[in-house]
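# Tertiary structure, described
In case you want the letters, here they are:
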Amino acid sequence: MAHTLTAQSSFWQPKRTVLLIAGLFSAALGPLIVLPNETSLQFRIIRFAALICISLLVLTWCYYDSLERHQSFYPWLRIVILFFGLFALFIYLFKSRGLKQGMRSSGMALLSLLGLLVILSASTFACALIFGLD
């Protein structure tokens, strides 16, 4: 019996690609946080650009998730995700999955965010060691 590869059983789903990009973004963001002075304009620009990128990554993940689940992705939800970023992810998870699955998915999202924070911290620490920063 031949095994057919579906979008559900494929390892490289678009949502996983977004998570991989988020991990690479976290690793690249570490040195950008450490090198400029915290009161400089460069640091503020980097922080603002990072918030925009995070919101776009959340929006992209939610979009691909709605396609996978065959649910409509409301225009008002896109705007909420763009303005509130990570907080809107949890709104989306509960809205699309219900209370029980929403709690489980929120827990997995928190674990993923913790992993991204570890990647960010490791790249920040490595950059500080390389450049001899305090």
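Overview of the structure. (Residues numbered from 1 in each chain as written. Predicted model: local features only at pLDDT ≥ 70, side-chain atom pairs only at ≥ 80, totals over all residues. Heavy atoms only, no water.)

### Brief notes about the packing of aromatic side chains
We apply this condition: Side-chain rings of Phe, Tyr and Trp, where Trp is taken by its six-membered ring, are said to pair if the distance between their centres is within 6.5 Å; with planes under 30 degrees apart they count as stacked, over 60 as edge-to-face, and otherwise as tilted. Secondary structure counts use DSSP, requiring at least four H or I residues in a row for a helix and at least two E residues in a row for a strand, with both numbered from the N terminus. To sort residues, take the accessible area from a 1.4 Å probe on protein chains only and compare it with the maximum for the residue type: under 20% means buried, over 50% means exposed, and anything in between is partly exposed.
Counting across every chain of the model gives four aromatic pairs. The interplanar angle of 75° and the centroid separation of 5.9 Å between the aromatic rings of Phe73 and Tyr92 together place this pair among those described as edge-to-face. Within this pair, whereas Phe73 is found in the loop between helix H2 (41–69) and helix H3 (75–84), its partner Tyr92 is found in helix H4 (residues 86–131), the two being separated by 19 residues in sequence. Tyr92 matches Phe73 in its accessibility class, with the two residues each being buried. Taken together, the aromatic side chains of Tyr63, Tyr64, Phe73 and Tyr92 make up a single cluster linked through ring pairs.

### Concerning the pattern of salt bridges
Quick reminder of the rule: For this analysis, a salt bridge means a side-chain nitrogen from Lys or Arg found within 4 Å of a carboxyl oxygen belonging to Asp or Glu.
Applying the stated rule across the entire model yields four salt bridges. A salt bridge links Lys15 to Glu68, with the nearest nitrogen and oxygen atoms 3.3 Å apart. Of the two residues, Lys15 is situated in helix H1 (residues 14–34) and Glu68 in helix H2; the sequence distance between them amounts to 53 residues. Residue Lys15 is classed as buried on the basis of its relative accessible area, which comes to 12%. Two residues, Asp65 and Arg97, come together in a salt bridge whose shortest N-O distance is 2.9 Å. A residue pair is termed long-range when its members are at least 10 positions apart, and Asp65 in helix H2 and Arg97 in helix H4 qualify at 32 residues. The structure contains a network of salt bridges with shared partners spanning Lys15, Asp65, Glu68, Arg69 and Arg97.

### Section: H2
Under the convention used in this document: The length a helix should cover is 1.5 Å for every residue beyond the first.
Between the first and last C-alpha of H2 there are 42 Å, a value that for 29 residues agrees with the 42 Å anticipated at 1.5 Å per step. Along H2, the residues that are buried comprise Phe43, Ala50, Ser55, Leu57, Val58, Leu59, Trp61, Cys62, Asp65 and Ser66. Among the residues trailing H2, His70 stands out with phi positive, at a value near 55°.

Geometric values such as these leave the question of function open.
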